[in-house]
Amino acid sequence: MSDEALRRELAEVARALHARGWVANHDGNVSVRLDGGGFLATPTAVSKADVHPEMLVVLDADGKVVGGTRKVFSEFSLHLAVFRARPDVRWVVHAHPPTATGWAVAGRSFFDPPFMSEPVVSLGARVPVVPFLAPGASAAPVGDAFAEVDAALLGGHGALTCGSSAELAVLRMELLEHLARIALVAHQLGGARALDPSHVETLLEARAKAGLGPARPDSGAASVPAGPRPDIAALIRDALGRV
Ligand SMILES: [Zn+2]
C-alpha cells in the first residue's frame, strides 16, 4: 500500500471512531506499523472527526517523532507496548466506547471467564483489565496483556484493540463494545453463564488455525497479515463439533 493510501486509511479509521460514538473531545488515537519499522499515528489535540492524512505524525521504531508538523498523542507508549509484544500486529486503536469504558472505570472485566464462543476466536480467551496507568507510568502491563489477546480494557480509562489490518482492529473495538452491552444486560439478569473450559480450549485452537491472535510457529498456521477474513462461524461449528 502506498504511503498516501495508508495515510488515507488511518484518517478514515480515526473519523470512524468519532462517527461510531466511541470518542468525544480529543479522545482516541490510531497508529499503524510501517514496513521500515516506524509508525504513523494520529496527532494529539484534535477531534477524531477532523483527522486528515496530511496532519499525521511519523515515528521511528523507538516511538520518537521524525516527521509531520504536529505532536503525537501522549498515549503512544501504550501502542508501542502492543507493537513490541506482538510482531503480527500492524494496527492499534484506542477509544472510549461508553459501555466498555464503563466496565473499565469500574475496574471489572465483562469477559473473564468468557460466555460466548465467537469472541473467544476473535479476541482471545478473556478481555483483561490493565490496572490504571498514571501518566508516565511504564506501559509494560499493556504489552503483557496483549501477549495472548487482541483487546483489553484500560482501568480508569478506556479500551485498546489491535489487528493485522485496520478492519480487524476496528471490528474488534465494535465487538468489545457490543459484548460490554450484552454483559451488562446479563448482569442485570443474574450474570452470564461461563463457557465450559474445554470448549474455550477448542475455540482457542480454532483461533490459532484461523491465523488470529499471536503468531504461533507450532500451530501449523502462520499469522495471516491481511486478506479475506476467516469464516469464524464455520470454524466454531467445526471446533465444537469435535468436543
Ligand atoms: Zn484515552
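Refer to the structure above for everything that follows.
In this text, all values refer to a predicted model and were calculated from it rather than measured experimentally.

J.: So what's going on with the side chain of Asp150? Which residues, and what values?
T.: Looking at the element boundaries, Asp150 is found in the loop between α5 (140-145) and β7 (151-154). At 2.9 Å, the side chain of Asp150 forms a polar contact with the side chain of Arg207. Apart from residues lying up to four places away in sequence, Asp150 is in contact with Arg86, Ser122, Leu123, Leu160, Thr161, Cys162, Arg172, Arg207 and Gly213.

J.: So what about the coordination of the zinc ion? Which residues, and what values?
T.: All of the protein donors around the zinc ion are Glu75 (OE), His94 (NE2), His96 (NE2) and His157 (NE2); their distances to the metal are 2.1 to 2.7 Å. Taken together, the four donor atoms coordinating the zinc ion and their angles of 68 to 163° define a geometry best described as irregular. Within one chain, the residues donating to the zinc ion are spaced in sequence as E-x18-H-x1-H-x60-H. Of the two residues, Glu75 sits in the loop between β4 (65-67) and α2 (76-85) while His157 sits in the loop between β7 and β8 (158-163), which places them 82 residues apart along the sequence. Using a relative accessible area of 21% as the deciding quantity, one classes His157 as partly exposed.

J.: Which residues make up the packing of aromatic side chains, and what values go with them?
T.: Counted by the stated rule, this structure contains five aromatic pairs. Of the aromatic side chains, those joined through ring pairs into one cluster are Phe39, Phe73, Phe76 and Phe83.

J.: Break down the environment of Ser164 for me, citing the residues and quoting the values.
T.: Position of Ser164 among the secondary structure elements: in the loop between β8 and α6 (166-188). Put simply, Ser164 and Phe83 are 81 residues apart on the chain and 11 Å apart in space, counted from C-alpha to C-alpha.

J.: Could you give an account of the nonpolar core, naming the residues involved and the relevant values?
T.: Val30, Leu40, Trp91, Phe110, Leu153 and Leu176 are the most contacted members of the largest nonpolar core, which has 53 residues in total. Sort the elements by how many residues they give to this core and α6 lands first, with ten residues. Core analysis: the second largest hydrophobic core is formed by 23 residues, Val57, Leu78, Val130 and Phe146 among them.

J.: For unusual backbone geometry, give the residues involved together with the corresponding values.
T.: Across the junction of Asp112 and Pro113, the peptide omega takes the value 10°, indicating a cis bond. Note on placement: Pro113 falls in the loop between α3 (98-105) and α4 (117-123). Its identity as a non-glycine residue notwithstanding, Ala45 has a phi of 55°, on the positive side. Position of Ala45 among the secondary structure elements: in the loop between β2 (39-41) and β3 (57-59).

J.: Pulling in residues and values, what's your account of the packing of α3 against α6?
T.: Relative to each other, α3 and α6 sit at 65°, their axes nearing to 7 Å. Both α3 and α6 take part in a crossing whose hand is left-handed. Within the contact between the two elements, α3 uses Pro98, Thr99, Ala100 and Trp103 and α6 uses Leu176, Glu177, Ala180, Arg181, Ala183, Leu184 and His187. Along the lines of polarity and charge, the residues of the contact of α3 with α6 split into seven nonpolar, two polar and two charged.

J.: Describe the pattern of salt bridges, listing the residues and the values that go with them.
T.: Taken as a whole and judged by the stated rule, the model has ten salt bridges. Here Asp150 makes a salt bridge to Arg172, at a shortest N to O gap of 3.1 Å. Here Asp150 is found in the loop between α5 and β7, whereas its partner Arg172 is found in helix α6, with 22 residues between them in sequence. When salt bridges that share partners are traced, they join Arg86, Asp88, Asp150, Arg172 and Arg207 into one network.

Thresholds applied
- Just so you know, the residues in each chain are numbered from 1, in the order the chain's sequence is written.
- In keeping with the model being predicted, local features are shown solely for residues with a pLDDT of at least 70 and side-chain atom pairs are shown and tallied solely at 80 or more, while totals for entire chains, interfaces and linings include all residues.
- The side-chain quantities take in all heavy atoms of the structure and omit both hydrogens and water.
- To qualify as a helix, a DSSP run of H or I must reach at least 4 residues; to qualify as a strand, a run of E must reach at least 2; elements of each kind are numbered from the N terminus.
- Polar contacts, as counted here, are pairs of nitrogen or oxygen atoms within 3.5 Å of one another; within protein the pair requires one atom able to donate a hydrogen and one able to accept it, and residues that are adjacent in sequence qualify only if both atoms are side-chain atoms.
- Contacts are residue-level and defined by heavy atoms, with any inter-residue pair within 4.5 Å sufficient.
- For Na, K and Ca the donor cut-off is 3.2 Å; for every other metal, N, O and S atoms count as donors within 2.8 Å. Water does not enter the count, which can leave sites looking incomplete.
- Donor angles set the geometry label: tetrahedral for four donors if every angle is between 85 and 135 degrees, square planar for four and octahedral for six if opposite donors exceed 155 degrees and the others are between 65 and 115, irregular for anything else.
- With a 1.4 Å probe rolled over the protein chains alone, any residue whose accessible area is under 20% of its type maximum counts as buried; one over 50% counts as exposed, and the rest are partly exposed.
- Stacked, tilted and edge-to-face are the three classes assigned to paired rings of Phe, Tyr and Trp, where Trp is represented by its six-membered ring and a pair needs centres within 6.5 Å; plane angles under 30 degrees give stacked, over 60 edge-to-face, the rest tilted.
- By nonpolar core we mean a set of buried residues, namely Ala, Val, Leu, Ile, Met, Phe, Trp, Tyr and Cys, connected to one another through side-chain atoms within 4.5 Å.
- In this description, a line fitted to the C-alpha atoms serves as the axis of each element, helices being fitted only across the stretch in contact, and the angle between N-to-C directions of two axes falls anywhere from 0 to 180 degrees.
- In this scheme the handedness of a crossing depends on how the near helix is turned from the far one: anticlockwise by less than a right angle means left-handed, clockwise means right-handed.
- Side-chain classes follow a simple rule in which Ala, Val, Leu, Ile, Met, Phe, Trp, Tyr, Cys and Pro form the nonpolar group, Asp, Glu, Lys and Arg form the charged group, and the remainder, Gly included, forms the polar group.
- Here, a salt bridge means any Lys or Arg side-chain nitrogen found within 4 Å of an Asp or Glu carboxyl oxygen.

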